Amino acid sequence: MLRPDDVIAAAAAAQAALRPVADRDWSVRAGPLEWDVERTITHMIGAPAKYTLYLASRYEHFIGLALERWPDATNEEVIDSIVPVATGLAAVAAVTPPGVRAYHVSGPSSAADYVGRACVELLVHTDDALSGLGVAFAPPADLCRRVLAQQFPETPAPGDAWLGLLVANGRPIR
């Protein structure tokens, strides 16, 4: 089972991997996605922020709010936002009783569900962004193994959990 601190670990891995590409052109396509790198990174930060909102409010219906990049934010400032957003989700998840459920498009979700989803968003979309920029990403193997086991229990555990996580999310094998 993933713990709230795992989302911070995923965010730290994403932030460290993205920092060297802050000065690159983020308008290029993000790997296999239709989105560009900027939109992909904005989405991967916005999703855990929205999860935090749902979980903290314990709201069980759709909240019609979109989270976007601040217009004047630099790429460095966007990258610097990854860990604080994850830390917010971790803090809320840590104090949320196990029986609490909040809205998610796939169905009512627990704190553990949101932590797992946020780890997937952070890890897989970091890879999408970096692959669009021609840079490899190798997140912590143990974290990938636990994310894969929790979020995709039906997926056979491959020798390479990171590859398994990418495949479970429909990413092409490279």
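Residues numbered from 1 in each chain as written. Predicted model: local features only at pLDDT ≥ 70, side-chain atom pairs only at ≥ 80, totals over all residues. Heavy atoms only, no water.

## As for the overall build of the protein
- Along its length, the protein carries seven helices and zero strands.
- Starting at the N terminus and ending at the C terminus, the protein contains elements arranged as α-α-α-α-α-α-α.
- For 174 residues, the compact-globule formula gives about 16 Å, and the C-alpha radius of gyration of the protein, at 15 Å, lands near that figure.
- The principal-axis extent of the C-alpha atoms belonging to the protein is close to 45 × 45 × 25 Å.
- Out of the 174 residues belonging to the protein, those deemed buried represent 47%.
- Here the contacts in the protein between residues at least 6 apart in sequence split such that 71% fall between residues at least 24 apart.
- Taken as a whole, the protein presents about 8,600 Å² of accessible surface, with 59% of it coming from carbon and sulfur. (Helix = DSSP H or I, 4+ residues; strand = E, 2+ residues; numbered from the N terminus. Rg over C-alpha atoms; globule rule 2.2 N^0.38 Å. Buried < 20%, exposed > 50% of the residue type's maximum accessible area, 1.4 Å probe, protein only. Contact = heavy atoms within 4.5 Å. Areas by Shrake-Rupley, 256 points an atom, 1.4 Å probe, with all protein chains shown as cover.)

## Section: the side chain of Thr 126
- Tracing the backbone through its elements, the reader meets Thr 126 in helix α5 (residues 111-132).
- From its side chain, Thr 126 meets the backbone oxygen of Leu 122 in a polar contact 2.6 Å long. (Polar contact = N/O pair within 3.5 Å; in protein donor to acceptor, adjacent residues only side chain to side chain.)

## Let's talk about the pattern of salt bridges
- Counted by the stated rule, this structure contains eight salt bridges.
- For Asp 6, the salt bridge goes to Arg 3, with nearest N and O atoms at 3.6 Å.
- With a relative accessible area of 3%, Asp 6 lands in the buried category.
- By relative accessible area, which is 47% here, Arg 3 ends up partly exposed.
- Across the pair Arg 146 and Asp 142 runs a salt bridge whose closest N-O atoms are separated by 3.0 Å. Taken as a pair, Arg 146 and Asp 142 lie in helix α6 (residues 141-151) at a separation of four residues, close to a single helical turn. (Salt bridge = Lys/Arg side-chain N within 4 Å of Asp/Glu carboxyl O.)

## Considerations on the packing of aromatic side chains
- Counted according to the given criterion, the structure contains four aromatic pairs.
- With a centroid separation of 5.2 Å and 45 degrees between ring planes, the pair formed by Tyr 54 and Tyr 103 is classed as tilted. One end of the pair, Tyr 54, is in helix α2 (residues 37-57); the other, Tyr 103, is in the loop between α4 (82-95) and α5, with 49 residues separating them in the sequence.
- Given a relative accessible area of 5%, Tyr 54 falls into the buried group.
- Residue classification places Tyr 103 among the partly exposed residues on the basis of a relative accessible area of 22%.
- Grouped by ring-pair contacts, the aromatic residues Tyr 54, Phe 62 and Tyr 103 constitute a single cluster.
- Over the ring of Tyr 114 we find Arg 117; its NZ or CZ atom is 5.7 Å from the centre of that ring. (Phe/Tyr/Trp six-rings, centres within 6.5 Å; stacked < 30°, edge-to-face > 60°. Lys NZ or Arg CZ within 6 Å of the ring centre and 35° of its normal.)

## Considerations on the state of the cysteines
- For the structure shown, the criterion picks out zero disulfides.
- You can see Cys 119 has no disulfide; the closest cysteine sulfur is in Cys 144, sitting 9.4 Å from it.
- According to the relative accessible area criterion, Cys 119 is buried, its value standing at 0%. (Disulfide = S-S within 2.5 Å.)

## Considering a negative patch on the surface
- A grouping of Asp 23, Asp 72, Glu 76 and Glu 77 is seen on the molecular surface, where their side chains present a negatively charged patch.
- For Asp 72, the position within the fold is in the loop between α2 and α3 (75-79).
- A relative accessible area of 67% places Asp 72 in the exposed class. (Patch = residues over 30% accessible without salt bridge, like charges linked within 9 Å, V, L, I, M, F, W, Y side chains within 5 Å. Lys, Arg positive; Asp, Glu negative; His and termini not counted. Charge placed at Lys NZ, Arg CZ, Asp CG, Glu CD.)

## With respect to the environment of Gln 15
- By secondary structure assignment, the location of Gln 15 is in helix α1 (residues 4-18).
- When near neighbours in sequence (up to four residues on either side) are disregarded, Gln 15 contacts Ile 79, Asp 80, Ile 82 and Val 83.

## Here we look at α4
- If you check α4, its first and last C-alpha atoms are 21 Å apart, about what 14 residues at 1.5 Å a residue would give, namely 20 Å.
- Listing the buried residues of α4 in full gives Ile 82, Ala 86, Leu 89, Ala 90, Val 92 and Ala 93.
- The inward-facing, buried residues of α4 abut α1, α2, α3 and α5. (Expected span 1.5 Å × (residues − 1).)

## So, α5
- The end-to-end C-alpha separation of α5 is 31 Å, in line with the 32 Å expected for 22 residues at 1.5 Å each.
- Here α5 lies mainly inside the structure; 18 of its 22 residues are buried.
- Taken from the residues just after α5, Gly 134 is the one with a positive phi, measuring 75 degrees.

This is a description of form; function is not addressed.
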